[in-house]
Amino acid sequence: MKAAVVTDFAQPPHYADFPEPIAGKDEVVVEVLAAGLHPRVRSQAGGFHYTSTGELPLVPGVDAVVRDPEGKVRYAVLDDSTMGSMAERTVIGLNRSVVLPDEVDPVVVAAAMNPAMSSWVALRQRIDFGRGQSVLILGATGNAGRMAIQVAKRFGASEVMAVGRDTAKLAELSALGADRTLRFEEVAEAADVDVVIDYLWGEPTGKAMVDLLTHRSDRGKPLTWLEVGAAAGPEAAIPAAALRSARLQIVGSGIGSVPGRDFVKELPQLAEAVAHGAFDVRARAVPLAQVAEAWTSTAGTSDRIVLVP
Ligand SMILES: NC(=O)c1ccc[n+]([C@@H]2O[C@H](COP(=O)([O-])OP(=O)(O)OC[C@H]3O[C@@H](n4cnc5c(N)ncnc54)[C@H](OP(=O)(O)O)[C@@H]3O)[C@@H](O)[C@H]2O)c1
């Protein structure tokens, strides 16, 4: 069969022949309808994700919309293995998938689930998020950030503040439910926020954390910092004094800090919301045969690329 194949971590995947997948215990071989090119897939294909085993060749792809042997359309999260979702066929565990309505657009679901899951799971599984709390999103202009605005509103956030570096993209976020949009230089204006959802880390987080902590009107009021992504860098410099000066709690959310069973628990409700059009989704379908071009031509576009075999 044809697949996107990585044979060298320094090169983008190429469209090539790959052995047919073989189902293991509690798995089935499925036809792939659409697979999203998420940042997590880029780090998997580049061999630098924290779950990478270094094994090659590999087919990248961590999730997909698929058709199972009975003809049902499903959204599936894949195990970490060399047989990912960017192929004509792959293997899934039925217990890590959810049946979708027949009329669903596979490209929209494949684009939305990974970015939407990031804030959905973080708010539901990692903290005790309650209606009426305010939320600030660092990196709000990306796919996951745009979803986080909509997810936080859905879960009853009293105010959602969206922070980004691109003013044109920021201007689009009110339509998604952002109550305020801020550039990084203005973060201190949101200092009394209850929960930060952080997609950036790196330098912007180091600065934003100090700005927020040192401008809080009540430093005894809890601030929960959800570390969900690292789009701006894997490390951030956090001054010790800033941590001691306010009631801050930093909590990570991702594979490992949230057990697989807890991710899976959230799939049905989220998939139903996505399938029924609850979220504004930006997706661009690209034929799987063009995977190498898609990999390198994405800079500057904000639509989530979805590969379609
Ligand atoms: N833990 C989880 O469950 C989970 C799930 C999904 C995603 N993630 C992670 O979340 C992060 C974002 O994912 P995504 O799907 O939103 O990616 P994306 O669509 O590519 O968006 C990236 C975002 O980061 C911003 N950004 C990148 N570098 C920056 C910098 N140096 N300074 C300021 N802003 C910067 C971008 O700003 P511009 O719009 O201005 O370019 C954009 O808002 C990634 O690290 C991803 O791996 C984690």
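For the structure itself, look to the data block above.
What comes next is a walk through the structure. (Residues numbered from 1 in each chain as written. Predicted model: local features only at pLDDT ≥ 70, side-chain atom pairs only at ≥ 80, totals over all residues. Heavy atoms only, no water.)

1. Digging into the overall build of the protein
Line of reasoning, step 1. A count of helical and extended segments in the protein gives eight helices and 15 strands.
Line of reasoning, step 2. The C-alpha radius of gyration of the protein comes to 20 Å, within 12% of the 19 Å expected for a compact globule of 309 residues.
Line of reasoning, step 3. Structurally, the protein occupies a C-alpha span of about 60 × 40 × 35 Å along its principal axes.
Line of reasoning, step 4. By residue count, 50% of the 309 residues in the protein fall in the buried class.
Line of reasoning, step 5. Taking the contacts inside the protein whose residues are at least 6 apart along the sequence as the reference set, 71% of them involve residues at least 24 apart.
Line of reasoning, step 6. Distance between charge centres in the protein, computed from 30 positive and 38 negative side chains, equals 4 Å. (Helix = DSSP H or I, 4+ residues; strand = E, 2+ residues; numbered from the N terminus. Rg over C-alpha atoms; globule rule 2.2 N^0.38 Å. Buried < 20%, exposed > 50% of the residue type's maximum accessible area, 1.4 Å probe, protein only. Contact = heavy atoms within 4.5 Å. Lys, Arg positive; Asp, Glu negative; His and termini not counted. Charge placed at Lys NZ, Arg CZ, Asp CG, Glu CD.)

2. Here's the deal with helix H2 (residues 106–126)
Line of reasoning, step 1. For H2, built from 21 residues, the straight-helix expectation of 30 Å at 1.5 Å per residue is met to within 8% by its first-to-last C-alpha distance of 29 Å.
Line of reasoning, step 2. Of all the bends in H2, the greatest, near 35°, is centred on methionine 113, and the proline proline 115 appears no more than four residues after it.
Line of reasoning, step 3. At the N-terminal boundary of H2, the capping side chain belongs to aspartate 105, with an oxygen 3.0 Å from the backbone nitrogen of valine 107. (Expected span 1.5 Å × (residues − 1). Bend = angle between axes of the 7 residues up to and from the residue. Polar contact = N/O pair within 3.5 Å; in protein donor to acceptor, adjacent residues only side chain to side chain.)

3. Some points on the pattern of salt bridges
Line of reasoning, step 1. Considering all chains together, one arrives at 20 salt bridges under this definition.
Line of reasoning, step 2. Between lysine 153 and aspartate 179 there is a salt bridge whose closest N-O contact spans 2.9 Å. With lysine 153 in helix H3 (residues 143–154) and aspartate 179 in the loop between helix H4 (167–171) and strand E10 (180–182), the pair connects residues that are 26 residues apart, well separated along the chain.
Line of reasoning, step 3. Residue classification places aspartate 179 among the partly exposed residues on the basis of a relative accessible area of 41%.
Line of reasoning, step 4. Through salt bridges that share partners, Arg146, Glu172, Asp280 and Arg282 make up one connected network. (Salt bridge = Lys/Arg side-chain N within 4 Å of Asp/Glu carboxyl O.)

4. Description of the nonpolar core
Line of reasoning, step 1. Formed by 54 residues in total, the largest nonpolar core has its most connected members in Tyr75, Leu123, Ile137, Ile149, Ile197 and Leu226.
Line of reasoning, step 2. Broken down by secondary-structure element, the contributors of at least two residues to this core are strand E3 (27–36), strand E5 (73–77), H2, strand E8 (134–138), H3, strand E9 (159–163), strand E11 (195–198) and helix H7 (260–275).
Line of reasoning, step 3. Counting residues per element, this core draws most heavily on H2, which supplies twelve residues.
Line of reasoning, step 4. The residues touching isoleucine 197, leaving out its near neighbours within four places in the chain, are Ser119, Leu123, Val135, Leu136, Ile137, Leu138, Ala148, Leu226 and Val228.
Line of reasoning, step 5. If you look at the next biggest cluster of nonpolar residues, it comprises 33 residues, including Phe18, Val28, Ala64 and Val291. (Core = buried A, V, L, I, M, F, W, Y, C linked by side-chain atoms within 4.5 Å.)

5. A look at the side chain of aspartate 68
Line of reasoning, step 1. With respect to the secondary-structure elements, aspartate 68 resides in the loop between strand E4 (63–67) and E5.
Line of reasoning, step 2. Judged by relative accessible area, aspartate 68 falls into the buried class, the value being 7%.
Line of reasoning, step 3. Looking at aspartate 68, its side chain comes within polar contact range of the main-chain nitrogen of glutamate 70, at 2.8 Å.
Line of reasoning, step 4. Among residues more than four places away in sequence, those in contact with aspartate 68 are Val30 and Arg74.

6. Thoughts on the site of the ligand
Line of reasoning, step 1. Around the ligand, the surrounding shell holds 23 residues, and the nearest of these are Thr141, Ala144, Lys169, Ser253 and Arg304.
Line of reasoning, step 2. Note that an oxygen atom of the ligand is positioned 2.8 Å from one of the side-chain N or O atoms of lysine 169.
Line of reasoning, step 3. At a separation of 2.8 Å, a nitrogen atom of the ligand approaches a polar backbone atom of serine 253.
Line of reasoning, step 4. Of all elements in the fold, only H2 and H3 reach the threshold of two or more residues within the shell around the ligand.
Line of reasoning, step 5. For the shell around the ligand, a count of residues per class yields ten nonpolar, nine polar and four charged. (Near = heavy atom within 4 Å. Nonpolar A, V, L, I, M, F, W, Y, C, P; charged D, E, K, R; others polar.)

7. Observations concerning the packing of aromatic side chains
Line of reasoning, step 1. In total, this model carries one aromatic pair according to the counting rule given.
Line of reasoning, step 2. With centroids separated by 4.9 Å and ring planes inclined at 65°, the aromatic side chains of tryptophan 120 and phenylalanine 155 adopt a geometry described as edge-to-face. Here tryptophan 120, found in helix H2, pairs with phenylalanine 155, found in the loop between H3 and E9; they are 35 residues apart in sequence, far enough to count as distant.
Line of reasoning, step 3. A cation sits over an aromatic face here: arginine 42 above tryptophan 295, 5.5 Å from the ring centre. (Phe/Tyr/Trp six-rings, centres within 6.5 Å; stacked < 30°, edge-to-face > 60°. Lys NZ or Arg CZ within 6 Å of the ring centre and 35° of its normal.)

8. Quick notes on the environment of arginine 216
Line of reasoning, step 1. Tracing the chain through its elements places arginine 216 in the loop between helix H5 (202–214) and strand E12 (223–227).
Line of reasoning, step 2. You can call arginine 216 buried: its relative accessible area is 5%.
Line of reasoning, step 3. Once you skip the residues sitting within four places of it in the chain, arginine 216 turns out to touch Ala191, Asp192, Val193, Lys221, Pro222, Leu223 and Ala246.
Line of reasoning, step 4. Polar side-chain contacts of arginine 216 include one of 2.6 Å to the backbone oxygen of alanine 191.

9. A word on the sheet that holds E12
Line of reasoning, step 1. Across the sheet, which stays open at both edges, the six strands sit in the order E10-E9-E8-E11-E12-E13 with parallel pairing between neighbours. Two strands close off the open sheet at either side, each with one partner strand: E10 and strand E13 (248–252). The sheet shows a mean angle of 20° between the axes of neighbouring strands, taken without regard to direction. (Pairing = 2+ DSSP bridges. Axes fitted to C-alpha atoms, helices over the stretch in contact; angles between N-to-C directions.)

10. Considerations on the pairing of strand E6 (residues 89–93)
Line of reasoning, step 1. Among the five residues of E6, four are classified as buried, and the element is accordingly described as predominantly covered.
Line of reasoning, step 2. Of the strand pairs in this sheet, E3 and E6 are connected by five bridges, and their pairing is antiparallel. When the sheet's bridge partners are listed, valine 28 is paired in E6 with isoleucine 92.

Don't take any of this as a statement about function, it's just geometry.
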